[in-house]
Amino acid sequence: VCGEETALLAAVEGLRGEARPRPPYPAARGLHGLPTVVNNVETLVNVPAILEIGPDAYAALGSERSRGTKALCLNRGFARPGIVEVEFGTPLSAVIEAAGGGAVPLAAVLLGGPMGSLLAPDAWDVPVCYGAMAERGIRLGHGGLVAIPEDASPAFLLRHLLAFAAQESCGRCVPCALGTARAGALAREGPAARARIARLLELMEQASLCGFGQLVPGPIRELLERFGDAALAVDAGP
Amino acid sequence: VSAALAWIDGRAVAVRDGETILAAARRAGIAIPALCAADGLAAEGGCRLCLVEVEGAARPLAACHTPIRAEQIVRTATPALERIRREILELLADERPFRPNPRGVEYAGLLARHGVAARPSAAGEVDATHPYLRFDPSLCIVCRRCVHACDEIQGQSVFDVAGRGAATRLLYGPSERFAESPCTACGACGG
């Protein structure tokens, strides 16, 4: 969970990497109790470009609501994996096509990692743009793209996402620490557990201390909606 | 000059600078459940039982670490909040040990009030190495009040937690024996 800013600050202080209550926000009381600005490396990497080409030229790039460019990282499931930089506003489908599509036919892509969004091909027309994506309930997250092959087991993927969530949960708040573990156990009980898992996801989203527990339910719920009972098959397969 | 007011469950509460919603509510005699928060200790923000609805906020906010503000309209016991509390208590009751005991009346009372049945745990191995303090892990729900009390009142930092996620558990001293920890038997932890 140390990508979460308050957990990151705790880890930098040499303490357990746990999320802290907000407020106080790090900008008011952060590292060693002092006001702290936490920026993503990906944000700062834009600064040289802005200085080089000038703010007006930089702002001319991208879409109305998301200026500039975004780095996307395509995993090995695409024909041409790697990191690409695209102007905001570029349709996701164009990014996927430019990478040669999936190495094998794809059922979906997981955009933005385990706290992002699961997108089936019918949603790939969405532009890479925070505003346009937010309108459709899509989270761009860190901009990673993981290819989900057509023959992937939805149940395996569901268990993988829940295991990741349980492993990364810091243990401080009850909904996330205990909810991820409980949902992981329920995912092995077959389709009858669907309603109980849905309730836990809602609890985590509503009540968790930090963005990790609040966002982890997103792709899990999308997986359950997209693949139905197949995501809760008792035999998850390979 | 009239004092700035906030409204908690329809009741006018004077706003004091730096006070949390939880503290202001308690001062006004409005009970908000909380297992990790305790008077005089820094907010842990872990149990999430003190979530309240604040008008204009996109999601429920934890009363223990949200400052009270003038004109704020707070609701502490809506059906949605009560459902969240019941589900949190169900998780705790399922995943953490429980046995009726004199120190656990607050927790037992919350479970009972929300209609959550606890499954009693078996007695664990008790650390009785210290002349005044005993630690029974089979009664610990990892609320961490003791961690805060020892850090903030006595400054001994005897307690910490180990493990992550659901496996997080209380830790004390280098050998997990009170007799060998820096504990001074002050009793601030509730021991």
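Structural data are supplied above this passage.
Everything numeric in this text was worked out from a predicted model, so none of it was measured.

A. Quick peek at the overall build of chain B. Across its full length, chain B carries 4 helices and 7 strands. Counting from the amino terminus, helix and strand elements in chain B follow one another as β-β-α-β-β-β-α-α-α-β-β. If one aligns the C-alpha atoms of chain B with their principal axes, the spans along those axes are about 55 × 35 × 30 Å. For chain B, with 191 residues in total, the buried portion stands at 43%. Of the contacts formed within chain B by residues at least 6 apart in sequence, a portion of 53% connects residues at least 24 apart. As displayed, chain B offers around 9,500 Å² of accessible surface, 52% of which is attributable to carbon and sulfur atoms. Distance between charge centres in chain B, computed from 22 positive and 22 negative side chains, equals 3 Å.

B. Up close: the packing of aromatic side chains. Residue and element names in this part refer to chain A. Going through the model one piece at a time under the given rule, you end up with 7 aromatic pairs over all chains. Each ring, one from Phe88 and one from Tyr130, has its centre 5.6 Å from the other, and the planes form 45°; the classification is tilted. Placement of the pair is Phe88 in the loop between strand E2 (82–87) and helix H5 (92–98) and Tyr130 in helix H6 (residues 130–135), with a sequence separation of 42 residues. Using a relative accessible area of 8% as the deciding quantity, one classes Phe88 as buried.

C. Representation of the side chain of Thr180(A) within the structure. Residues and elements named next belong to chain A. Mapped onto the fold, Thr180 is located in helix H8 (residues 174–186). Given the relative accessible area of 1%, Thr180 is considered buried. There is a polar contact of 2.7 Å between the side chain of Thr180 and the backbone oxygen of Cys176. Beyond its immediate chain neighbours, meaning those up to four positions away, Thr180 contacts Leu162, Ala165, Ala166, Ser169, Pro175 and Met204.

The rules we used
- Residues numbered from 1 in each chain as written.
- Chains lettered and ligands numbered in written order.
- Predicted model: local features only at pLDDT ≥ 70, side-chain atom pairs only at ≥ 80, totals over all residues.
- Heavy atoms only, no water.
- Helix = DSSP H or I, 4+ residues; strand = E, 2+ residues; numbered from the N terminus.
- Buried < 20%, exposed > 50% of the residue type's maximum accessible area, 1.4 Å probe, protein only.
- Contact = heavy atoms within 4.5 Å.
- Areas by Shrake-Rupley, 256 points an atom, 1.4 Å probe, with all protein chains shown as cover.
- Lys, Arg positive; Asp, Glu negative; His and termini not counted.
- Charge placed at Lys NZ, Arg CZ, Asp CG, Glu CD.
- Phe/Tyr/Trp six-rings, centres within 6.5 Å; stacked < 30°, edge-to-face > 60°.
- Polar contact = N/O pair within 3.5 Å; in protein donor to acceptor, adjacent residues only side chain to side chain.

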